[in-house]
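Per-entry structural report
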Amino acid sequence: MSAAEKVERSLVRKLAEVKGAIDRIAKNGHNDHFNYDFATESDITSAVRKEMAERHLIMFPNVTNTLWEKVARKNGETKLCTLTVEFTVEDGDSGETRKFTILGQGEDSMDKATYKA
């Protein structure tokens, strides 16, 4: 494989193409309490999925840590879940990978805190 072919197939280049192909993600969600619009997870997924698939890119999540805390509220107790998630983006053509880690938090009085995080 020549240097030009390797550059053409680079993971970073493909990710840049995905970014360039997605002009704007519609904000279909609305927060009534604070009165603002936001892009939902499904809005973002819908915009990104096709562009990544066309370039043979896939992303794998891996939960590396889960922390639970009890939170006292006026009407009882809730649970706060903090997740540490490592994402790996893999190029199906070259096998090249990039990893990044994010934290997410979700709070719920029942069993939905993990999904909110």
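These numbers come from a predicted model, not from an experiment.

1. Points about the nonpolar core
Formed by L11, V18, I22, M52, L57 and V89, the largest nonpolar core amounts to six residues. Those residues in contact with V18 that sit more than four places away from it in its chain are V48, E51, M52, R55 and L57. Counting residues in hydrophobic clusters, the runner-up holds five residues, among them C81, L83, F87 and A113.

2. Quick notes on the sheet that holds strand β3 (residues 57-73)
Sheets are built from strands that pair by backbone hydrogen bonding, the pairs being arranged parallel or antiparallel. Reading across the sheet, the three strands line up as β3-β4-β5 and stay open at both edges, with antiparallel pairing between neighbours. Bordering the open sheet on either side are β3 and β5 (97-108), each of which pairs with just one other strand. Adjacent strand axes in the sheet meet at a mean angle of 15° when their direction is disregarded. With 16 bridges connecting them, β3 and strand β4 (residues 76-91) associate as antiparallel partners. The residue of β4 that forms the bridge with N65 is T84.

Calculation rules
- Residues numbered from 1 in each chain as written.
- Predicted model: local features only at pLDDT ≥ 70, side-chain atom pairs only at ≥ 80, totals over all residues.
- Heavy atoms only, no water.
- Core = buried A, V, L, I, M, F, W, Y, C linked by side-chain atoms within 4.5 Å.
- Buried < 20%, exposed > 50% of the residue type's maximum accessible area, 1.4 Å probe, protein only.
- Contact = heavy atoms within 4.5 Å.
- Pairing = 2+ DSSP bridges.
- Helix = DSSP H or I, 4+ residues; strand = E, 2+ residues; numbered from the N terminus.
- Axes fitted to C-alpha atoms, helices over the stretch in contact; angles between N-to-C directions.

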